[in-house]
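# Architecture at a glance
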Amino acid sequence: MDEYTDLEVLSHRALCDMPLVRPVLDKIADKWTILILTVICPKPSRFNEIKRRLDGITHKALADALKRLERNGLVTRTVLPTQPIGVEYAITPLGHSLREPFEALCLWAAANGDKVEAATHRYDNR
């Protein structure tokens, strides 16, 4: 009984916070953000290194995502004094604060991906 009460309280709180939460989720819960931040979390990386590690991302999608992440304060972009000029992307403290929830989400996805696929298959075949 207490479990349902707790869930109702959490649900109510989430709905009340939605005007604050939704715009932030729109900025971090897209197709590539979690994966990009995962790649650059351990160490700064150059554009092509990030692209190589993210199978399937296009040049344009990565460039747009990195600009958006920089704009939102989650990554920094540093021009390197090399010939030719290089650019390195690093995660900011704000971006790093997403590490724990993103790791939990990735672990959940790895553990439950087959269940989601099975449910999708069952739904599609009924």
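Keep in mind that this is a model prediction, so the values were computed, not measured.

### Overview of the overall build of the chain
Helices and strands together make up the secondary structure of the chain, namely 7 helices and 3 strands. When the helices and strands of the chain are read in sequence order from the N terminus, they spell out α-α-α-β-α-α-β-β-α-α. Its C-alpha atoms give the chain a radius of gyration of 18 Å, clearly above 14 Å, the size a compact globule of 126 residues would have. Along the longest, intermediate and shortest principal axes, the C-alpha atoms of the chain span 65 × 40 × 20 Å. Per-residue burial for the chain yields a buried fraction of 26% across its 126 residues. Looking at the chain alone, contacts between residues at least 24 apart form 46% of all its contacts between residues at least 6 apart. About 9500 Å² of surface is accessible on the chain, with carbon and sulfur atoms providing 60% of the total. Charge separation in the chain, taken as the distance between the mean sites of 18 positive and 17 negative side-chain charges, equals 10 Å.

### Here we look at the sheet that holds strand 1 (residues 45-46)
The strand order across the open sheet formed by 3 strands is 1-3-2, and the pairing between neighbours is antiparallel. The open sheet terminates on both sides in strands that have one partner only, identified here as strand 1 and strand 2 (75-80). As judged from the 2 bridges shared by strand 1 and strand 3 (residues 86-91), these two strands associate in the antiparallel manner. Bridge pairing in strand 3 links S45 to Y89. Relative to the sheet, helix 3 (residues 33-40) contacts strand 1, strand 2 and strand 3, its axis offset from that of strand 3 by approximately 100°.

### Some thoughts on the nonpolar core
Grouped together as the largest cluster of nonpolar side chains are 24 residues, with contacts concentrated most on I36, L37, I40, I50, L54, L62 and L66. Looking at this core, the elements that each hand over two or more residues are helix 3, helix 4 (47-53), helix 5 (59-71) and strand 3. If sequence neighbours within four positions are ignored, L62 has contacts with I36, F47, I50, K51, L54 and I57.

### Looking at the pairing of strand 2
Looking at chain direction, strand 2 and strand 3 are connected through 6 bridges and run antiparallel. Opposite V75, over in strand 3, you have I91 as the bridge partner. The hairpin formed by strand 2 and strand 3 contains 5 residues between the paired strands.

### So, the UniProt feature "domain: HTH hxlR-type" (unreviewed entry) in the chain
Sites flagged by UniProt as "domain: HTH hxlR-type" (unreviewed entry) map to residues 16-117. Helix makes up 62% of residues 16-117 and strand 14%, with an end-to-end C-alpha separation of 32 Å.

How each quantity is defined
- Residues numbered from 1 in each chain as written.
- Predicted model: local features only at pLDDT ≥ 70, side-chain atom pairs only at ≥ 80, totals over all residues.
- Heavy atoms only, no water.
- Helix = DSSP H or I, 4+ residues; strand = E, 2+ residues; numbered from the N terminus.
- Rg over C-alpha atoms; globule rule 2.2 N^0.38 Å.
- Buried < 20%, exposed > 50% of the residue type's maximum accessible area, 1.4 Å probe, protein only.
- Contact = heavy atoms within 4.5 Å.
- Areas by Shrake-Rupley, 256 points an atom, 1.4 Å probe, with all protein chains shown as cover.
- Lys, Arg positive; Asp, Glu negative; His and termini not counted.
- Charge placed at Lys NZ, Arg CZ, Asp CG, Glu CD.
- Pairing = 2+ DSSP bridges.
- Axes fitted to C-alpha atoms, helices over the stretch in contact; angles between N-to-C directions.
- Core = buried A, V, L, I, M, F, W, Y, C linked by side-chain atoms within 4.5 Å.
- UniProt positions renumbered as here; feature names shortened; annotations may be inferred.

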